[in-house]
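Notes for the structure review
Here is how the chains run, residue by residue.
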Amino acid sequence: MVTVKAGRFQRFGKLHSFPPPERWDDWAELDAKAWPKRVERRYKLIPTVCFNCEAACGLLAYIDQKTGEIRKLEGHPLHPASRGRNCGKGPATLTQVKNPDRILYPLKRTGARGEGKWTRVSWDEALDDIAARIRKALQEGRRDEVIYHVGRPGEDLYTERVLMAWGVDGHNSHTNVCSSGARVGYATWMGIDRPAPDHPNARFILLMSSHLESGHYFNPHAQRIIEAKERGAKIAVIDTRLSNTANKADYWLSPWPGTEAALLLAIANVLIQNDWFDREFVRKWVNWDELLEDQEYLQFMVKEGWIGEADLPKATTFDAFVRLLKALYRPFTPEWAAEESGVRADVLVKIAEEIRRAGSAFSSHIWRNAAAGHRGGWMIARALFFLNVLSGSVATPGGTIPNAYVKFVPKPFSDPHGNVRVWSTIQFPDEFPLAYFEMSFMLPHLLKDKNKRFEVYFTRVVNPVWTFTDGFSWIEMLTDPNRVGLHVALTPTWNETAQYADYVLPMGLAPERHDLFSYETHAAQWIGFRQPVLRVLKEKEGQKVTFTYEANPGEVWEENEFWIELSWRIDPDGKLGIRKYFESPYRPGEKITIEAYYRWIFENSVPGLPEAAAKEGLTPMEYMRKYGVFTVTEDVYREYEKPVPEDVLKDARIIPDREAAMKEGAASGTAAADPKALPLDVTLPGVRPGVWTKTPPPKVNFRPYPGPFKNEHGEVRVGIVVDGKPVQGFPTPSGKLEFFSTTLKDWKWPEYAIPFYPRNKEERKKYFHIVSHVHPDFIDREKNEFDLLPTFRIPTLIHSRTNGAKWLYEISHTNPVWMNPVDAERLGVKTGSLVKVESEIGYFIDKVWVTEGIRPGVIAVSHHLGRWRLHEDHGSDRWNSALVRLEKEGSRWRMVRLKGVTPWASDDPDTSRIWWEEAGVHQNLIIPVQPDPISGMMCWHVKVRVERVDDPSRYGEVVVDTEKSFQVYKRWLGYTRPAPGPRGERRPYWMLRPLKPHPDAYRWQPQR
């Protein structure tokens, strides 16, 4: 619920820290621009949520009562995550709303793709055309040719539900250019694939991120990190680059990129050898017994030379496991890690001591950083979470919480789960059965390699030509009608990818749309409700609004209503079985409205919301319109310890441990079923320990959650037994934290089933899958080779979403090459000099910034700048993009910068006041696709050669050979171990997948 505490909106003389909610309908302020005159303005305040990153901080829209326009966007004081505090991206949304370059009406291409010729069309014309193409594809059985490609969606479940209703395996995300490395590292421990650190209650915080300035949920995290620091918590940051976050830390560790797992395992070794770990927690919650009982794997460890024959456990006891741990990690000394990573041994010991002192109040976090940069990056995340496991700081106050514990996704009024009975081998190719998730960044190469085509390709909040690697290959795909039949760009702003669309359909910004979501910002489950504030105001004043675009600028719409209208037209008579999912729960047979969709959820699916609304004399819908947020619960710690409910236990079958399971299996007297013959949703064949029932409790929280864990008798595991008590446990095959990942072992990766890092050069060659492709072994400094670190964010910007935000680009508009003074001197360059940065597929030319903030041998360039457009008046935003010319000869592309940012005439006088010329350089174009063979993560770091350039006219030049890029893709494919899995499946059914097909679709078939 929303609680307005006494003193929350305290007054300082006659000033309020925030407008109190009871005055939001009529709030008066003096106009600052009219000073020294006292001119009063009166506002209506309506809450919404920022959409300029995934932190989803609260905003209050100040709507002028005289003009009806949004005058400003400020922090929402009742928002549980941001608490009224916002970074610059939230208030800057106003400049995007009023941007003279924004797209206001639906546009249809009239010339060739990329030619820049458009005509305005109606929404009906666009909807009818798109619907007809999708309907024909579905009727002809081409359900793998309708693709929805999204970046950060800004909502939960809505669009997945649409795609499930259509019956297409068409969800394609940006996850594998962002976080899949970290996700696999966490999922192989706890099933759940993301961390949610409880920073404010921590005594020690270890960050492999820059969360005081950028990164996932950075504003809510930054507030809480600083609160912890003010209370005495120590902070350590592991980052090759001296970020603003590292500058605030007590310890800054700058390792050679990709060696982070080595130093983390050395820290773990210090904890293990000194018995500075929580023995009781590890005993109760880690699957050590599975490892000790697997004699075959123990012998494998001996054969690999990880332990000796004398180290083999003599018993299956916890003490025997501890002895094994000590033997296994004994070589991972701080001195060894110092030599490998470049971080001093004594510093690693100090970090171990800090973790010991913090105990269960130790929070850690990695999201992109090293996990996104390197081959084997997922093992870095796995090694980091090992420290939380050893310290018992899993889902504890001040520890690291599995993100599902702090996420609440309400149930929609109808659920088409199970409708999808196809498997897209383009999105989940056989080569990457464990990928988290779709192999989106490889689409151009996959379509070419497998000779496939998309009939309809939607891009939404995603700009792969610019944001992804190898953008020229994307242009080749998007301009080839044999690969993409119809490209529909759903976007609030122009971007590089939209230049190549067939339809550009304008979608709303933060104050112009509906979305419902729940993010893992702190120790609570909460929901946020993004609203089109001008529509809400009109409806409060009694005006009828049928569609959101009637209240927004021009005809800017929102995806939620767009999907309803499109689905209705795809199946106008209901014969395809789609229409029923878009009929109103209140008026059977009639099309649902967006108001009815959310009204049903708020009335039926959010525990406590109807009661909280009734206390204020409001309906649930009115409550959410008024406040925009609701906290469901703050009871989020140690969910794995919670008892299985008594009403579930009364009908459950309990098998307490592995010994009891073996006895029951032997006593049954029946032959075990062939696992390969069982349905693939039988994830735990045979007799397994656990609490089993055929009637699991109904699902209340529709959060992404691994499982189900089911046996061949149709029973679902709803818990495990720990020390005689039936508890919920973890959503993993064992029900516990998996030090020993049987999934990795069973899916052909036994050498990586436990946290590990190669201990010498010979092992680095043998276990190359977890050795960075930019390890010092592969960098020849004498040839001016460097590791290019291309993944860091600029705090004021966020990929393509901040396009059109003039305030932000006035602050940030350059992305120079960070270079250490040692390297600069050797190359004969200084700040402002030009250098050519060349990968194996091409090069870019950029300016140098000489700084001690990057270690020698590494250069860094931010990926948040380098915007470009092909046409003077559109293509990307004129506040921040260079006008360029593209030249193509065979497979060789060249980008020539014609001019930088320049003033222009418009209704906004600021367009004539532009003083900056820089737009940055598009570095991602020269980075080839480099998919991690296990996680599927795009390994962003790249080996480059750097040389000085003396011709200033070449600044911004980019040259790439896409045929070379295709050959790199083929080489990296050769590192994989493709499906099928041990039971003939495409992917472990228990693992998360954003849009999960029917179990039958998991049955592997050879690709044609």
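Predicted, not measured: the structure shown is a model, and the values here were computed from it. (Residues numbered from 1 in each chain as written. Predicted model: local features only at pLDDT ≥ 70, side-chain atom pairs only at ≥ 80, totals over all residues. Heavy atoms only, no water.)

We now examine the side chain of asparagine 924. Looking at the element boundaries, asparagine 924 is found in the loop between strand E34 (892-899) and strand E35 (942-949). Assessed through its relative accessible area of 2%, asparagine 924 is described here as buried. Of note is the side chain of asparagine 924, whose polar atom sits 2.9 Å from the backbone oxygen of threonine 467. If near-sequence neighbours (up to four positions away) are discounted, asparagine 924 is found in contact with Trp466, Thr467, Phe468, Thr469, Asp470, His863 and Trp940. (Helix = DSSP H or I, 4+ residues; strand = E, 2+ residues; numbered from the N terminus. Buried < 20%, exposed > 50% of the residue type's maximum accessible area, 1.4 Å probe, protein only. Polar contact = N/O pair within 3.5 Å; in protein donor to acceptor, adjacent residues only side chain to side chain. Contact = heavy atoms within 4.5 Å.)

Right, let's talk about the sheet that holds strand E13 (residues 234-238) for a bit. Taken in spatial order, the 4 strands make up an open sheet running E14-E13-E12-E15, and their pairing is parallel. Both edges of this open sheet fall to strand E14 (251-253) and strand E15 (362-366), since each of them pairs with a single strand only. For this sheet, the mean inter-axis angle between neighbouring strands, taken without regard to orientation, is 10°. Note that strand E12 (residues 204-208) and E13 share 4 bridges and pair parallel. Looking across to E13, one finds that isoleucine 205 is bridged to isoleucine 235. The strands that helix H5 (residues 218-230) touches are E12, E13 and E15; relative to E12, the one it contacts most, it runs at about 145°. (Pairing = 2+ DSSP bridges. Axes fitted to C-alpha atoms, helices over the stretch in contact; angles between N-to-C directions.)

On to the environment of glutamate 715, then. Within the fold, glutamate 715 resides in the loop between strand E24 (690-693) and strand E25 (716-722). You can call glutamate 715 buried: its relative accessible area is 10%. Each C-alpha atom of the pair glutamate 715 and threonine 695 lies 7.8 Å from the other, and the pair is 20 residues apart in sequence. When near neighbours in sequence (up to four residues on either side) are disregarded, glutamate 715 contacts Arg653, Trp692, Thr693, Lys694, Phe709 and Lys710. A polar contact of 2.5 Å, which involves the side chain of glutamate 715, links it to the side chain of arginine 653.

Moving on to the domain arrangement of the protein chain. Each assigned domain of the protein chain is listed with its residue range as follows: domain 1 (1-86), domain 2 (191-405) and domain 3 (776-973). Placing the centre of domain 1 and that of domain 2 at their C-alpha centroids yields a distance of 42 Å. Listed per partner, the contact involves 9 residues of domain 1 and 8 residues of domain 2. Together, the buried faces of domain 1 and domain 2 total about 690 Å²; carbon and sulfur atoms form 48% of this surface. When the buried surface of domain 1 facing domain 2 is broken down by residue, Glu54, Ala55 and Arg83 rank first, second and third, together holding 50% of it. Counting across the interface, domain 1 meets domain 2 through 2 salt bridges. A salt bridge links glutamate 227 to arginine 83, with the nearest nitrogen and oxygen atoms 2.6 Å apart. Counted by class, the side of domain 1 that touches domain 2 contains 4 nonpolar, 2 polar and 3 charged residues. (Domains from an automatic or database assignment. Buried area = accessible area lost by both parts, 1.4 Å probe. Salt bridge = Lys/Arg side-chain N within 4 Å of Asp/Glu carboxyl O. Nonpolar A, V, L, I, M, F, W, Y, C, P; charged D, E, K, R; others polar.)

At a closest axis distance of 8 Å, the pairing of helix H2 (residues 123-139) and helix H20 (residues 559-570) adopts a crossing angle of 55°. It follows that H2 is oblique to H20 by the angle criterion. Between H2 and H20 the crossing geometry is right-handed. Touching Trp123, Asp124, Leu127, Asp128, Ile130, Ala131, Ile134, Arg135 and Leu138 of H2 are Phe562, Glu565, Leu566, Arg569 and Ile570, all from H20. (Parallel < 35°, antiparallel > 145°, perpendicular 65-115°, else oblique. Left-handed = near helix turned anticlockwise from the far one by under 90°.)

On to the sheet that holds strand E8 (residues 118-120). Judged by pairing direction, the sheet is mixed, and its 7 strands sit side by side in the order E8-E7-E19-E18-E17-E9-E10 without closing on themselves. Either end of the sheet is taken by a strand with one partner, and the two such strands are E8 and strand E10 (171-172). Here strand E17 (residues 454-460) runs beside strand E18 (residues 484-491); their pairing, made up of 6 bridges, is parallel. Paired with tyrosine 457 across the two strands is histidine 487, which belongs to E18. Across the sheet, H2 is in contact with strand E7 (107-109), strand E9 (146-150), E17, E18 and strand E19 (503-506); its angle to E19 comes to roughly 120°.

Turning to the pairing of strand E5 (residues 58-64), a few remarks are in order. Among the 7 residues of E5, 7 are classified as buried, and the element is accordingly described as predominantly covered. The two faces of E5 match: Gly58, Leu60, Tyr62 and Asp64 on one face and Leu59, Ala61 and Ile63 on the other face are all buried. Pairing of strand E4 (residues 40-49) with E5 involves 7 bridges; the strand directions are antiparallel. In the strand pairing of E5, threonine 48 is matched with leucine 59. Bridge count between E5 and strand E6 (residues 70-75): 5 bridges; the pairing is antiparallel.

This part takes up H2. Compared with the 24 Å implied by 1.5 Å per residue over 17 residues, the 24 Å span of H2 between its first and last C-alpha is a close match. All of the buried residues in H2 are Trp123, Ala126, Leu127, Ile130, Ala131, Ile134, Ala137 and Leu138. The arc enclosing the buried residues of H2, seen along the axis, measures out at 125°, which places them on a common side. Buried positions along H2 lie against E9, helix H3 (158-166), E17, E18, E19 and H20. Just downstream of H2 lies glycine 141, where phi reads positive at about 75°. (Expected span 1.5 Å × (residues − 1). Arc of directions from axis to C-beta.)

This part takes up the environment of proline 733. Structurally, proline 733 can be placed in the loop between strand E26 (725-727) and helix H26 (742-746). Measuring from C-alpha to C-alpha, the distance between proline 733 and leucine 684 comes to 7.2 Å, with 49 residues separating the pair along the chain. With near-sequence residues (within four places) excluded, proline 733 lies in contact with Leu684, Phe709, Arg717, Glu738, Thr742, Thr743 and Trp990.

Once that is clear, we can look at the UniProt feature "domain: 4Fe-4S Mo/W bis-MGD-type" (unreviewed entry) in the protein chain. Per the UniProt record, "domain: 4Fe-4S Mo/W bis-MGD-type" (unreviewed entry) is annotated on residues 43-101. Taken end to end, residues 43-101 is 8% helix and 34% strand, and its two terminal C-alpha atoms sit 27 Å from one another. (UniProt positions renumbered as here; feature names shortened; annotations may be inferred.)

What follows deals with the packing of aromatic side chains. Any aromatic ring pair is given by two values, namely how distant the centres are and how the planes are angled relative to each other. Taken as a whole and judged by the stated rule, the model has 66 aromatic pairs. Here the basic side chain of lysine 72 rests over the ring of tyrosine 62, its NZ or CZ set 4.6 Å away from the ring centre. Note that arginine 993 overlies the ring of tryptophan 423, its terminal NZ or CZ placed 4.3 Å from the centroid. (Phe/Tyr/Trp six-rings, centres within 6.5 Å; stacked < 30°, edge-to-face > 60°. Lys NZ or Arg CZ within 6 Å of the ring centre and 35° of its normal.)

In this structure the tally under the stated criterion is 92 salt bridges. Among the salt bridges present, the one from glutamate 512 reaches arginine 102, with a minimum N-O distance of 2.9 Å. Within this pair, whereas glutamate 512 is found in the loop between E19 and strand E20 (515-517), its partner arginine 102 is found in the loop between helix H1 (93-97) and E7, the two being separated by 410 residues in sequence. What makes glutamate 512 buried here is its relative accessible area of 2%. Between lysine 899 and glutamate 872 there is a salt bridge; the shortest N-O distance is 3.1 Å. One end of the pair, lysine 899, is in strand E34; the other, glutamate 872, is in the loop between strand E32 (867-869) and strand E33 (881-889), and 27 residues separate them in sequence. With relative accessibility at 28%, the residue lysine 899 sits in the partly exposed group.

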